[in-house]
Every structure is written in C-alpha cells, then in structure tokens.
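# Per-entry structural report
Listed below are the residues making up each chain.
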Protein chains: 2
Amino acid sequence: MDQVTRPKHAVPQPRVTSFDVAALAGVSQSSVSRAFSKRSNISEDTRQKIFEAARKLNYVPNSIASSLTTRRSNIIALIIGDLKNPFYVRMLHAFSERLQAEGRQILAFTAGPDDDTDAVMMRVLQYQVDGIIVTQARLSMRMTGLSHERGIPIIFFNRYVPGSDASCVRCDNAAGGRVLAECLLRAGAKSFAMIAGEARATTSHDRISGFVERLRESGVRPQDIETAEGFSTYDGGVIAIQKLLKDRKAPLPDALFCINDIMAMGAMDVMTHSYGLSVPTDIMVASFDNIPESGRLPYQLTTIEQPLDAMITETLKLLHLDDPGSGIELGLDRPIPGPLIWRATIPGSAPDAATLATL
Amino acid sequence: MDQVTRPKHAVPQPRVTSFDVAALAGVSQSSVSRAFSKRSNISEDTRQKIFEAARKLNYVPNSIASSLTTRRSNIIALIIGDLKNPFYVRMLHAFSERLQAEGRQILAFTAGPDDDTDAVMMRVLQYQVDGIIVTQARLSMRMTGLSHERGIPIIFFNRYVPGSDASCVRCDNAAGGRVLAECLLRAGAKSFAMIAGEARATTSHDRISGFVERLRESGVRPQDIETAEGFSTYDGGVIAIQKLLKDRKAPLPDALFCINDIMAMGAMDVMTHSYGLSVPTDIMVASFDNIPESGRLPYQLTTIEQPLDAMITETLKLLHLDDPGSGIELGLDRPIPGPLIWRATIPGSAPDAATLATL
DNA sequence: TTGAAAGCGCTAACAC
DNA sequence: GTGTTAGCGCTTTCAA
C-alpha cells in the first residue's frame, strides 16, 4: 500500500519504428515509408494494411529522421523582437495557423534590441529550418548571406532593410501616412503633432514621411508640425504625449498622428484621464495597425489597417516552401496597401475611395 | 546589361559537414563532433584548430542530425489555444526567453477550441520534442499516454485536468478568489456580481469557488451573488456586463468580480462609457492575472497576479529537461500562490499581509 | 586524447 | 507496385 504514496512514473517504451510496422504488416520498411508519404506509388491495399499495423503499434513517423534525408524540416523560424505590441501577437498567431494548416510549424526565436542577432541566427541555422521570417530585429549581411547560401530564404516582415539581399513584405506605410494626413486636413486640422517610433525603424520613418509629405503639399508650415518619439510601445506613447503637453503654453495642435495604435492608446489615455481632453473635440487622433484594441469603446481609433492576411499570403509566396529548388529571389520589396478604418477619432465622415485613390 | 533587370537569385552552396571541417583541420570527423559538444574529452589545442577551420568554412552543426542520434531535439512544443488574452502572450514570450537561454526553442502549435486536439498531438509527437506544454487545450488520456510512453513529459499550464496523468502548474486560483472576496467584503461590499469564464475551464471554476466560499463564510446570501458568463475574452466581458446591466431594475451590486483582467477591462469600458458609472464609487471591481494592461490609466485594476516566473520555473523543473532518464512523474499538481496587486478599483487600502495569510 | 566504425529512422534511387 | 540498398550528418562506443 506503500506504493500509493509514491509518485507514479511513466515507463518509457522502446521506440516503434517503420521496421516494426513493416514486420507486423508483412511488407518491407520502404513500403511503410511510402504509405506515409503523399503522392507515392503504393497500392491502396497495402497502404491500408500498413496503416492498420501502424495504428496497432501507435506508430508515428519520426520527422527528424525524415528531415535528415529530405533536407526539409517543415519548420519555419520566426524571429520576433518583443510582443508588447499586439500587432505582432496577431501576426504570430496568424502565421502559426496558416503554416500549421499546410503541415508546417513555427519555431520561435526571440531577439530583443540588445541581443546579439547574429548569435540568434546561428542558432536558427542549426535547426535546418526551411525559411526564416524576421520582424523587428535587424540582421547583418553576413548572416543573410549564410542563410541564402544554404538555400534558406529570409523575409523581413513589416520591416524594410535598404540594401539587404533579403526580401521584404510590409504595409505600404508611406501611402497610409498620406491618407491619414488627407483625412485630418479635410476635417479641418491646421496644426499637427506626431508621435514617432524608434528613429531607425523604417516602418515609423515611412509612415511619418508619407504623412508629412502630404501635409507639405497642402501648405502646412514646418513649424505647425511637432514631433515626439514614443518607441512604439504603450508606455512610450504615454511619455511622448506628456512631453508634448506638459507645461504647454502654445495652443493644442488640432491633430495628433501616432505611427501605431498602441501609442495612440497610451496618448489618448493620458489626454483623457490626466488632462481632461476629449477626442476628437479637443484634438483629433489618427494612427496605424488596426489592432483589435483600437476598436474598443475608450479609443474608437481611425487608423490604417495592416493588411495582415495579404501580407502573410505574400510572405508564404516569397518563401517558395513548396518548390525549394527554384532558387531564392533576392532583395524583393512587397509593399501592400492597407485600408483606412474610419472610426471616431476624426470628426465627420471618411473621404470617398475615389478621392483617396488619387493620393 | 540585361542581367540587371532580372531578379537576382541566391546560388545554393553544397552543405558543409563535420567531415569538411575535419579535413581542413586535419583531424577525424569524430573530433569535430567532440569539439562542438560540451564536456567531452578533447584537448584545447585541437578544439581551437577545429573552431578555426569551422569558422573558415562557415560550418554550423546540424542539430537535426544530432537529434537523430541523441534522441533529444532541444525543442519544446507549446500548444496554445488563442492569444486573445494578453496573459498567454506574456507566457509565450517568457517561456521562449527562458528556454532559449538554456539552448532550447519553442515549437508553436495552435489548437482552437474546435480543433481536433488529438490530431495536433500526433503532429507534436512526430517532431520528437523533448517536452510539451499545454495551455487552454484539453487532451485525451490516450494522447497523454502515448506521449508518456515515448518519454515525453506533458505539463498543463494554468489548467488543471482532474484525473489526467499529466502534471499541472497553475496559480492557486481558489486562494486568490478568497483573497479578493475578503478585500471586497472589508471595503463594505454586501452584494456581488461575477463574470465567469467558460464553465468547463478549471481556472474559472476555482477562482469563482474560492470567491464564493469566502463570501458564504461571511454570511453573504446566495441571492446577493449574481453570475454571468464571459468566455474569458474582452468581448465576452462586454457582453456579460451588458446582460447584467441592461434593463436593470434591481439596485447595482456593490462589487463586480471578473475571473480575469481582460474581461474586467471590457466590463469597465462598458460601465464607464455606456452607463456613465464610476469605479469604485458606483461599483467596485476585482479580477485576476495582472496583465500589463490592468495597470493602465483607465483601469487601475486591483487584481491577483499570476506568478508567471515562478510558474515557469516550476514547469521547467517538472519537465526534467536535463535528466530525461529520470522518468516522468505522473499527475503532479503545483498550485502557486499569486500576490494581491492593490490598485484603485477597490476603495481604501489593502488588508495587511498577516490578515490575508489567515485566509 | 584520438580515430574507426556502427548506427539513429527515414527517403530515394535502383532493380525486379 | 514492391524490396534492396545506400546514404542524410551526427554521436558514441570501442580500440589504439
């Protein structure tokens, strides 16, 4: 009775291999292999016989072993910076579902801004992944080269690295910036504040430059455009708006442009709760991403949606997962337009599509 | 000049193997293997010689091949339901960092509530992972059995499956529920509403039962405790509070207990923006998780923190990643107490630790 | 400390 | 359509 109090342990069984299944089914081992692989010459009859034997033995093919011979692991590496921005969470989830549906899985690698990305890449290469998706992190040319030499394609997702030989799939950020500027202008805004992300981030840079470009075209003077940096996080948005508002003598700008929703949320929370400001009455707000949070009651953000599904489709296309022999195209850039999501942070109604198209 | 307009393609190079390195370094292939493996008998001299050759050839050990012989992949499967709740995002990120620091990676598997979890598990087993962490999904006994037979431990994270032979690491939900009840009681609450999660979720069940238990002990009558179900999502919280408040004739309950922060946020947004209610003046709120969002200006939730770091440490301990031969202990349950995070949704100040300890 | 050789479990020619 | 056989790139005895 003593046994009951001791923790129970599982007893590991010897591994069941395709040889065991072959023996039980009375066929050769290679037939077992054929039975479990798509489009291979095997009679339905023996296949069933094999499946039956496999079921009896609880046989599961060893994908590690098969990767070794086929040189395909069906694993895609996803190098992710951090998950503070819900957009990247959505992205991760969507990639995982899409890939899993086609029999592949995501191997997650984290690379913070302070981490040695090259070291992480070496780890990635060890795992013999079929492709690499990089968000937020930056990669040295040496590393992209090593990866490409091995036939492993790299896609920068939502991050454009000028001069890199890795390809890039991203939202058309500059175009979105122009659209948002136009919306604000039409709603009557004359003076502007912007909360940018990290200066090095191309995403931030492109959104800002499209936005400012359109403003300039409409005759807005440089002194009517203020900027603060928000590091693309909620807390960064909070800090940036405080810098903009604290001890302010000048009148409030008419409109605030945040380069992503999460910073807009931080900024709005501060304006609403610490300064008693109303949006859009006191100040209009526009941003980017259309994360799920942006539609919630306290925010109702007018924003440019990142066309996630289209971006993922394009990424998977560039990855050429199904015909690895085709060679890796280098340095492709795929900007995808994102739709305007009109909500409540800009007064009035959305410009019609025709108008926006001419931008 | 025509070439310039054609897309450039990377030319795949033949793979560099340990044999190539051995040849260049003038040693045997097995020495190369030794050089790259921890604690192995090799002179520092030849090791350096080999590293040098490896560097010249850009050699990276093939971990797929090594997994085949060692039967260890250094890959941990993480089966995740969905990422709508930020708590699971934090968890994913924290696991990934902790594992990566010790030379392992996460292979992500998604299993929605409608997916066939057993089919997902078969996929997991193919990849020869060293361990499996399951959140949100439920697993059949057959599958846990198959995994354990293969020597692959399974840990349910933040999910207790009574009777399962897989072990479980979780927050002590019932204790947290009691603490929150006590806080609300001390703040003067006499009537209560609760927003529960899915009925089948043990997490929700335990939090609710601890909460109600304490209420009963203090003489609160059953008719003074209302319940609505919120499916553990933001939108679910919104719907639940609307059901509770719409066409309400009875007076408002004194306090609202939500079994997680994300639903509390949905409920608060509705109460604030649609009903003009103030927290905690009109109604107190308490919840669970301490996700980063819960500390933001519009919420300031008083909540029980899920002790994520401790939970992860315990999970890694139960996984026995470093001594796989030790056998898998079955059916362990590790409830870990979560600290009370006192903010602004309950008036007054927090009960002292001594008081809470006696609960 | 080092090298030779036998696998790990599977796929893919190649014969039959 | 099926079986035989030679690897895939590595780790790990076993001898030297």
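Everything below is about the structure printed above this text.
The structure reproduced in this document is the subject of the present report. The shown structure was predicted, so the numbers you read here are calculated from the model rather than taken from an experiment.

## Description of the relation of the copies chain B and chain A
- Overlaying chain B with chain A gives an RMSD of 0.1 Å, the required rotation being 180° about an axis along which the chain moves by 0.0 Å. When the rotation and shift are considered jointly, the pair of chain copies conforms to a two-fold rotation axis. When each C-alpha of chain B is compared by its distance to the rotation axis, Leu107(B) comes out closest, at 2.2 Å.
- Taken together, the interface assignments show that 100% of the residues at the interface of chain B recur at the interface of chain A, consistent with an identical surface on both copies.

## Digging into the protein's contact with DNA strand D
- Among the 27 residues in the neighbourhood of DNA strand D, the closest are listed as Ser30(A), Arg34(A), Thr69(A), Gln29(B) and Ser33(B).
- Each atom of DNA strand D within 4 Å of the protein was assigned to sugar, phosphate or base; sugar and phosphate come to 58%.
- Contacts to DNA strand D include Ser28(A), whose side-chain N or O atom sits 2.9 Å from a phosphate oxygen.
- A distance of 3.4 Å separates a base oxygen of DNA strand D from a polar side-chain atom of Gln29(B).
- By residue class, the composition of the surface near DNA strand D is seven nonpolar, 16 polar and four charged.

## Digging into helix 13 (residues 308-319) of chain A
Residue and element names in this part refer to chain A.
- If you check helix 13, its first and last C-alpha atoms are 16 Å apart, about what 12 residues at 1.5 Å a residue would give, namely 16 Å.
- Within helix 13 the residues assigned to the buried category are Leu-308, Met-311, Ile-312, Glu-314, Thr-315, Leu-316, Leu-318 and Leu-319.
- Packing partners of the buried residues in helix 13 comprise helix 6 (86-101), strand 4 (131-134), strand 5 (154-157), strand 6 (167-171), strand 12 (328-329) and strand 13 (333-336).

## So, the packing of aromatic side chains
- Within this structure, the stated rule accounts for 14 aromatic pairs over all chains.
- For the pair Phe87(A) and Tyr88(A), a centre-to-centre distance of 5.2 Å together with 70° between the ring planes defines the contact as edge-to-face.
- Ring centres of Phe36(B) and Tyr59(B) lie 5.3 Å apart, and the angle between their planes is 65°; on these two criteria the pair is classed as edge-to-face. Of this pair, Phe36(B) sits in the loop between helix 3 (29-35) and helix 4 (44-57) while Tyr59(B) sits in the loop between helix 4 and helix 5 (63-70), placing them 23 residues apart in sequence.
- Taking the relative accessible area as the measure of exposure, Tyr59(B) reaches 12% and is therefore buried.

## Focus: the sheet that holds strand 9 (residues 255-258) of chain A
Residues and elements named next belong to chain A.
- Sheet architecture is open: six strands sit in the order 8-7-9-10-11-14, paired in mixed fashion. Strand pairing shows two members of the sheet lacking a second neighbour, strand 8 (225-229) and strand 14 (340-341), which therefore form its edges.
- Contacts from helix 11 (residues 234-245) reach strand 7 (192-196), strand 8 and strand 9 within the one sheet, and its direction differs from that of strand 8 by about 140°.

Analysis parameters
Residues numbered from 1 in each chain as written. Chains lettered and ligands numbered in written order. Predicted model: local features only at pLDDT ≥ 70, side-chain atom pairs only at ≥ 80, totals over all residues. Heavy atoms only, no water. Least-squares fit on C-alpha atoms with pLDDT ≥ 70 in both. Contact = heavy atoms within 4.5 Å. Near = heavy atom within 4 Å. Polar contact = N/O pair within 3.5 Å; in protein donor to acceptor, adjacent residues only side chain to side chain. Nonpolar A, V, L, I, M, F, W, Y, C, P; charged D, E, K, R; others polar. Helix = DSSP H or I, 4+ residues; strand = E, 2+ residues; numbered from the N terminus. Expected span 1.5 Å × (residues − 1). Buried < 20%, exposed > 50% of the residue type's maximum accessible area, 1.4 Å probe, protein only. Phe/Tyr/Trp six-rings, centres within 6.5 Å; stacked < 30°, edge-to-face > 60°. Pairing = 2+ DSSP bridges. Axes fitted to C-alpha atoms, helices over the stretch in contact; angles between N-to-C directions.

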